[in-house]
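# An overview of the molecular structure
Letter by letter, the chains look like this.
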Amino acid sequence: MFRDIAVGIDGSPASLAAAHWAAREAERRGSGLRIVHAWHRHARPAPYVPLDRTEHEWAGQLLQEAVRSVRGAHPGLRITERLVCGATVAALVATAADADLLVLGSVGLGAVGGFVTGSVSQRVVTRAARPVVLVRAGRSAADEHLPAADGVAPEEIAGTPCREVVLGLDVSHPCDELIEFAFEAARRRGTGLRVVHAFRTPSGAVSDPSLTIPPAPVPAAPAPPALERAEAERTVSAVLRTWREKYPAVPVTETVTEGRAAVVLVHAVKDAGLLVVGRRTDGRRIGAHTGPVAHAVMHHAGCPVAVVPHD
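Figured I'd write up the structure that's included with this text. Note that the coordinates shown come from a computational prediction; the quantities given were computed from them, not determined experimentally. (Residues numbered from 1 in each chain as written. Predicted model: local features only at pLDDT ≥ 70, side-chain atom pairs only at ≥ 80, totals over all residues. Heavy atoms only, no water.)

## Let's talk about the overall build of the protein
- In terms of regular secondary structure, the protein is built from eight helices and 11 strands.
- Here the protein holds 311 residues, and 46% of them are scored as buried.
- Contacts spanning at least 24 positions in sequence make up 77% of the contacts within the protein whose residues lie at least 6 apart.
- With an accessible surface of roughly 15900 Å², the protein has 57% of that area assigned to carbon and sulfur atoms. (Helix = DSSP H or I, 4+ residues; strand = E, 2+ residues; numbered from the N terminus. Buried < 20%, exposed > 50% of the residue type's maximum accessible area, 1.4 Å probe, protein only. Contact = heavy atoms within 4.5 Å. Areas by Shrake-Rupley, 256 points an atom, 1.4 Å probe, with all protein chains shown as cover.)

## Observations concerning the packing of aromatic side chains
- Here the structure, examined in full by the defined rule, presents three aromatic pairs.
- Aromatic pair phenylalanine 183 and tryptophan 243: ring centres 6.2 Å apart, planes at 25°, arrangement stacked. In this pair, phenylalanine 183 is assigned in helix 5 (residues 176-189) and tryptophan 243 in helix 6 (residues 224-246), connecting sequence segments 60 residues apart. You'll find phenylalanine 183 and tryptophan 243 in the same group, each marked buried.
- Taken together, Phe183, Trp243 and Tyr247 form an aromatic cluster joined through their ring pairs. (Phe/Tyr/Trp six-rings, centres within 6.5 Å; stacked < 30°, edge-to-face > 60°.)

## Side note on the packing of helix 7 (residues 261-268) against helix 8 (residues 292-300)
- At a minimum axis distance of 9 Å, the contact between helix 7 and helix 8 shows a crossing angle of 35°. Crossing geometry of helix 7 relative to helix 8 is assigned as right-handed. Contacts between helix 7 and helix 8 involve Ala261, Ala262, Leu265 and Val266 from the former and Val293, Ala296, Val297 and His300 from the latter.
- Here the contact of helix 7 with helix 8 is built from residues that sort into seven nonpolar, one polar and no charged. (Axes fitted to C-alpha atoms, helices over the stretch in contact; angles between N-to-C directions. Left-handed = near helix turned anticlockwise from the far one by under 90°. Nonpolar A, V, L, I, M, F, W, Y, C, P; charged D, E, K, R; others polar.)

## A few points about the pairing of strand 6 (residues 132-136)
- Counting buried positions over the five residues of strand 6 gives four, a clear majority of the element.
- As paired elements, strand 6 and strand 11 (residues 305-310) share three bridges and run antiparallel to each other. When the sheet's bridge partners are listed, valine 132 is paired in strand 11 with valine 307. (Pairing = 2+ DSSP bridges.)

## Quick notes on the pattern of salt bridges
- In total, this model carries 16 salt bridges according to the counting rule given.
- Put simply, arginine 24 and glutamate 144 hold a salt bridge, and the shortest N to O gap is 3.1 Å. You can see arginine 24 sitting in helix 1 (residues 13-29) and its partner glutamate 144 sitting in the loop between strand 6 and strand 7 (165-168), a full 120 residues away along the chain. This pair shows no difference in class: arginine 24 is buried, exactly as glutamate 144 is.
- Taking the shortest distance from any N to any O, the salt bridge between glutamate 25 and arginine 29 comes out at 2.8 Å. Of the two residues, glutamate 25 and arginine 29 are both situated in helix 1; the distance of four residues between them amounts to about one turn of the helix.
- Bridged by salt links that share partners, the residues Arg24, Glu25, Arg28, Arg29, Asp100, Arg130, Glu144, Glu184, Arg187, Arg188 and Arg189 form one connected network. (Salt bridge = Lys/Arg side-chain N within 4 Å of Asp/Glu carboxyl O.)

## Some remarks on the layout of surface pockets
- Considered as a void within the structure, the second largest pocket measures approximately 470 Å³ in volume.
- For the lining of the second largest pocket, the elements supplying multiple residues, two or more each, are strand 8 (193-199), helix 7, strand 10 (274-280) and helix 8.
- With four residues, strand 10 is the largest single contributor of residues to the lining of the second largest pocket.
- For the lining of the second largest pocket, the residue count by class is 12 nonpolar, eight polar and four charged. (1 Å grid on protein atoms, 1.4 Å probe; cavity = no way out; pocket = protein on both sides within 12 Å on 5 of 7 lines; lining within 4 Å. Points joined across faces, edges and corners; volume = space filled by probe spheres on them.)

## What to know about the nonpolar core
- Membership of the largest hydrophobic core comes to 50 residues, with the highest contact counts inside it found for Val7, Leu33, Ile35, Val103, Phe183, Leu193 and Val276.
- In this structure valine 103 touches Ile5, Ala6, Val7, Gly8, Ala18, Trp21, Ala22, Val133 and Val135, once residues within four positions along its chain are discounted. (Core = buried A, V, L, I, M, F, W, Y, C linked by side-chain atoms within 4.5 Å.)

## Comments concerning helix 1
- Compared with the 24 Å implied by 1.5 Å per residue over 17 residues, the 24 Å span of helix 1 between its first and last C-alpha is a close match.
- Burial analysis of helix 1 places 13 of its 17 residues in the buried class, the great majority of the element.
- Just past helix 1, the residue glycine 30 takes up positive phi, approximately 70°. (Expected span 1.5 Å × (residues − 1).)

## Some remarks on the environment of alanine 19
- As for its placement among the helices and strands, alanine 19 is situated in helix 1.
- The spatial distance from the C-alpha of alanine 19 to the C-alpha of valine 36 is 9.8 Å, given a sequence separation of 17 residues.

## Some remarks on the packing of helix 1 against helix 2 (residues 55-73)
- At a minimum axis distance of 10 Å, the contact between helix 1 and helix 2 shows a crossing angle of 40°. Between helix 1 and helix 2, the angle is such that the two are oblique. In the packing of helix 1 onto helix 2, the handedness of the crossing is right-handed. Touching Leu16, Ala19, His20 and Ala23 of helix 1 are Ala66, Ser69, Val70 and Ala73, all from helix 2. (Parallel < 35°, antiparallel > 145°, perpendicular 65-115°, else oblique.)

## So, the environment of arginine 200
- Following the sequence through the fold, arginine 200 ends up in the loop between strand 8 and helix 6.
- On the basis of relative accessibility, which here comes to 57%, the residue arginine 200 falls in the exposed class.
- Note: C-alpha distance between arginine 200 and glutamate 258 (58 residues apart in sequence) is 5.6 Å.

Here is the structure:
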């Protein structure tokens, strides 16, 4: 039995997109959806609250509008709602602890495209004990699927194949929770999983000052990048071998690329439906950091990003 999917809403278009994404994910998992709105009282009325409403009334209206929108699109889904008076970050972190997954909205990054991870979502991601998915404003059900043929009605889009799931894999710290999350996401969508690993090579060999004449080249020996790539490919295949056997119905593509991991992943997910990355807790207090790769893709990836905490 799965715990509910939870989504935090704030009345913004991004949070509404997140609510609908969370509803579709709950349907895929056979679980319910919990819609949460956290608000807090101000010493003076907040400027965004209409003059004829109290802050509590306005918060309740925002929550009800989101609930009505999701129920209208997903009439068979079990939906619960929760209005919380308190600090937003603390309320969402507590919500995540009691959910299978927490979904939050993020607005676009102007002409560049991508996420602007505000102070709230950034702090929630770094403190949540459960996976958190960030969904961009404007994302719809159609964006989860490959382009439909001309003449396909909107209600038929769900029958078109889903876009692939991409997993950013660090072979130096492979994590079962992270890999399983990605395989399960691909399995539920009936789509493929592309596992992407980026490696770096030294910019150049350091010469030995004791040598006055450079050693003769050995043509038969592969260049260092080729050796690095071959070793990385073997390691990735070894890490995934057990998972391929556990999920035989999930087509897996392994991509090993030289370069910075964040840059490689952002390019890899241009046509993806979901990116899955990890956040190491290192045994420290939850919320210590996100890590440079997770931080970068949260800001610049165009598709929803799932950040999975792990030891």
